[in-house]
Amino acid sequence: MSRTTCPALRPAKTTRAIAAFAPLTAVAALAVLATTGCGDDSDGDAPDYGIRVHDVGHRTAVLDGPRDGEHLTVEIWYPTLDAPEPALLTTFVADADDRARLQSSLDNPAGSCVNDTTGASRDAGVRDGSYPLLVFSHCLGCMRFSSFRIAEHLAARGFVVVAPDHGGNTWFDVGTDAYTGLTAGALQRRVEDVRYLIDVMTGALPPDGDTDGSLDDDLLTAVDSSRIGVLGHSFGSVTSGHTAVADDRVGAVAGIAAPWGLPTALNPADINVPTLLYVAREDNSISEVGNRLIRTLFEALPEPTVKIELADTGHFGFNDVAGLDTSFSAGCGEGVRQTSGQPFVYLDPDRVIALTAASLAAFFEGSLLQDERALVWLADTFPLDDAVTLERRPAP
């Protein structure tokens, strides 16, 4: 695979990002972030973390995984200079039967919210540079590419993003003997998957099983092993929180639409890195009980921590496959409010994903890259919409 080159912007290495949430100054807000080309910027504007800086490539790799006799399929998104080559979601699926099942659901979705076309270029060359690593963990009964637009946006902002198919927990496993559900054992396996990928992507373990060379040196050497974040949606949020406790290489963690204490207890005091939590206020999956637990978690986590609440948003509003079938309906189209029982229309998943992707980019750039401009933007410019409420500790 070719490796394209371009001068890269890379801040000096620092220690963990707790200090990045120190009081911010107006001067920091005037700093400039490159938004086009190879980093040139002449307009003097403050950065906008909803803007994509790079084009994005992606690759699929099948690895031996952390457990004997099990393979781990992963997707990797990264900055590239190659032109975008949009492709259908079915191109992510190698197994013919699984691909046919996905195509059938795409042809006859339960809702109108599915985004079935990616914006990245498969097997593109890696843009020269050194990029922080983010590991994304998908929701229960989802897929490694369920939130591909969030992954693409983070890669377009200068991250390498890797996401596994958690065996026994994917959409393709539902209804089969392989499906493990929401159990303590499944959570342990998920954390093992994430930690294994951190090992592989940082060179601590070889990419055994990668026979097609998707994880060639051009990609692995682009990973800045000193800057690692984890994030996830639903059961993936729980996975990310527990990974942050288990692995001290993690420098920041974000959780979308789930508390971290189920099915296995977690002591918030054990999280010693910056955190970002999302609440979908009309989450009919975890219900208002689950949302209260997220809010309680926010209050219990050590500082610094941020909580973003999205009004009129359902559990799967963060997913590109919202409305794929009835299991993904909560978040697409018409619904019933969990708080009042009244009918309403969910906030468009396109808007939810855009808000989430931009705020995640600012959070991880601020936390992992020590970039005060990102934290200024998150504190002062975001929320971008009346539907959004942001709270942070320590309070400004």
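Preceding block: the structure.
Computed from a predicted structure; not experimentally measured.

**Observations regarding the overall build of the chain**
Line of reasoning, step 1. The helix and strand inventory of the chain stands at 9 helices and 14 strands.
Line of reasoning, step 2. Relative to its 396 residues, the chain shows a buried fraction of 56%.
Line of reasoning, step 3. Intrachain contacts of the chain at a sequence separation of at least 6 include 74% that bridge at least 24 residues.
Line of reasoning, step 4. In the structure as shown, the chain presents an accessible area of about 15,100 Å², 51% of it carried by carbon and sulfur atoms.

**Quick word on empty space enclosed by the protein**
If a probe the size of a water molecule is rolled over the atoms, the empty space left behind becomes visible.
Line of reasoning, step 1. Per the counting criterion, the structure on display carries 2 cavities of 30 Å³ or more.
Line of reasoning, step 2. Of the volumes computed, that of the second largest cavity is approximately 40 Å³.
Line of reasoning, step 3. Surrounding the second largest cavity, H166, G167, N169, T180, A186, R189, R190 and D193 form its lining.
Line of reasoning, step 4. Here the lining of the second largest cavity is composed, by residue class, of 1 nonpolar, 4 polar and 3 charged.

**Side note on a nonpolar patch on the surface**
Line of reasoning, step 1. A surface patch of nonpolar side chains, amounting to about 270 Å² of accessible area, comprises L262, V289 and L293.
Line of reasoning, step 2. Of note, L262 is situated in the loop between strand 9 (252–256) and strand 10 (275–280).

**Let's talk about the state of the cysteines**
Line of reasoning, step 1. The tally for this structure, following the rule as stated, stands at 2 disulfides.
Line of reasoning, step 2. What pairs with C139 in a disulfide is C142, and their sulfur atoms sit 1.7 Å apart. Judged by the sign of its S-S torsion, about -80°, the cystine formed by C139 and C142 is left-handed.

**Remarks on the environment of C332**
Line of reasoning, step 1. Relative to the elements of secondary structure, C332 occurs in the loop between strand 11 (305–310) and strand 12 (334–336).
Line of reasoning, step 2. It is 7.9 Å that separates the C-alpha atoms of C332 and L347, two residues lying 15 residues apart in sequence.
Line of reasoning, step 3. Apart from residues no more than four positions distant in its own chain, C332 is found in contact with G111, S112, C113, A322, G323 and Y346.

**With respect to the packing of helix 8 (residues 349–368) against helix 9 (residues 372–381)**
Line of reasoning, step 1. At their nearest, the axes of helix 8 and helix 9 sit 7 Å apart, and the two run at 140° to each other. With respect to their mutual orientation, helix 8 and helix 9 come out oblique. Considering how the two elements wind past one another, helix 8 and helix 9 form a crossing that is left-handed. Mapping the contact onto sequence places A358, S359, A362, F363, E365 and G366 in helix 8 and A374, L375, W377 and L378 in helix 9.

**Quick notes on unusual backbone geometry**
Line of reasoning, step 1. Here L262 and P263 are connected by a cis peptide whose omega angle stands at 0°.
Line of reasoning, step 2. If you trace the backbone, P263 turns up in the loop between strand 9 and strand 10.
Line of reasoning, step 3. Going from E303 to P304, the amide bond is cis rather than trans, its omega being 5°.
Line of reasoning, step 4. In this structure, P304 sits in the loop between helix 7 (287–300) and strand 11.
Line of reasoning, step 5. Even without glycine at this site, A257 takes up a positive phi of about 65°.

**Here's the deal with the nonpolar core**
Line of reasoning, step 1. With 67 residues, the main nonpolar core has W77, L102, L154, L360 and F364 as its most contacted residues.
Line of reasoning, step 2. Residues A124, Y196, I228 and W260 belong to the second largest nonpolar core, which totals 40 residues.

**With respect to the sheet that holds strand 11**
Line of reasoning, step 1. Read across the open sheet, the 10 strands follow the order 5-1-2-7-6-8-9-10-11-14; overall the sheet is mixed. The open sheet has two free edges, formed respectively by strand 5 (121–122) and strand 14 (388–393), since each of these has just one partner strand.
Line of reasoning, step 2. Note that strand 6 (residues 131–137) and strand 8 (residues 223–233) share 7 bridges and pair parallel. Considered in strand 8, the bridge of V135 is made with V230.
Line of reasoning, step 3. Along the sheet, helix 8 makes contact with strand 6, strand 8, strand 9, strand 10, strand 11 and strand 14, crossing strand 9 at roughly 165°.

**Points about the side chain of E309**
Line of reasoning, step 1. Within the element layout of this structure, E309 appears in strand 11.
Line of reasoning, step 2. Here the side chain of E309 touches K307 through a polar contact of 2.8 Å, side chain to side chain.

**Thoughts on the pattern of salt bridges**
Line of reasoning, step 1. Using the criterion set out here, one finds 25 salt bridges in the structure.
Line of reasoning, step 2. The closest approach of N and O atoms between D350 and R149, which form a salt bridge, is 3.0 Å. Of the two residues, D350 is situated in helix 8 and R149 in helix 3 (residues 148–156); the sequence distance between them amounts to 201 residues.
Line of reasoning, step 3. Taking the relative accessible area as the measure of exposure, D350 reaches 40% and is therefore partly exposed.
Line of reasoning, step 4. Salt bridges sharing common partners tie together R281, E288, R295, K307, E309 and E391.

**Regarding a negative patch on the surface**
Line of reasoning, step 1. A grouping of D123, D212, D216 and D217 is seen on the molecular surface, where their side chains present a negatively charged patch.
Line of reasoning, step 2. Position of D216 among the secondary structure elements: in the loop between helix 4 (184–201) and helix 5 (217–220).

**Topic: helix 4**
Line of reasoning, step 1. With 18 residues, helix 4 should cover 26 Å at 1.5 Å per step; its first-to-last C-alpha distance of 26 Å lies within 8% of that length.
Line of reasoning, step 2. If you check which residues of helix 4 are buried, you get A186, L187, R190, V191, D193, V194, Y196, L197, I198, D199, V200 and M201.
Line of reasoning, step 3. Looking one or two residues past helix 4, G203 carries a phi angle of roughly 85°, positive in sign.

**Side note on the pairing of strand 11**
Line of reasoning, step 1. Burial analysis of strand 11 places 6 of its 6 residues in the buried class, which makes it a mostly covered element.
Line of reasoning, step 2. Of the two faces of strand 11, the one carrying T305, K307 and E309 and the one carrying V306, I308 and L310 are both buried.
Line of reasoning, step 3. The pairing of strand 10 with strand 11 spans 6 bridges and is parallel. Residue A280 lies in a different strand from strand 11, and its bridge partner there is L310.

What counts and how
- Residues numbered from 1 in each chain as written.
- Predicted model: local features only at pLDDT ≥ 70, side-chain atom pairs only at ≥ 80, totals over all residues.
- Heavy atoms only, no water.
- Helix = DSSP H or I, 4+ residues; strand = E, 2+ residues; numbered from the N terminus.
- Buried < 20%, exposed > 50% of the residue type's maximum accessible area, 1.4 Å probe, protein only.
- Contact = heavy atoms within 4.5 Å.
- Areas by Shrake-Rupley, 256 points an atom, 1.4 Å probe, with all protein chains shown as cover.
- 1 Å grid on protein atoms, 1.4 Å probe; cavity = no way out; pocket = protein on both sides within 12 Å on 5 of 7 lines; lining within 4 Å.
- Points joined across faces, edges and corners; volume = space filled by probe spheres on them.
- Nonpolar A, V, L, I, M, F, W, Y, C, P; charged D, E, K, R; others polar.
- Patch = residues over 30% accessible without salt bridge, like charges linked within 9 Å, V, L, I, M, F, W, Y side chains within 5 Å.
- Salt bridge = Lys/Arg side-chain N within 4 Å of Asp/Glu carboxyl O.
- Disulfide = S-S within 2.5 Å.
- Axes fitted to C-alpha atoms, helices over the stretch in contact; angles between N-to-C directions.
- Parallel < 35°, antiparallel > 145°, perpendicular 65-115°, else oblique.
- Left-handed = near helix turned anticlockwise from the far one by under 90°.
- Core = buried A, V, L, I, M, F, W, Y, C linked by side-chain atoms within 4.5 Å.
- Pairing = 2+ DSSP bridges.
- Polar contact = N/O pair within 3.5 Å; in protein donor to acceptor, adjacent residues only side chain to side chain.
- Lys, Arg positive; Asp, Glu negative; His and termini not counted.
- Charge placed at Lys NZ, Arg CZ, Asp CG, Glu CD.
- Expected span 1.5 Å × (residues − 1).

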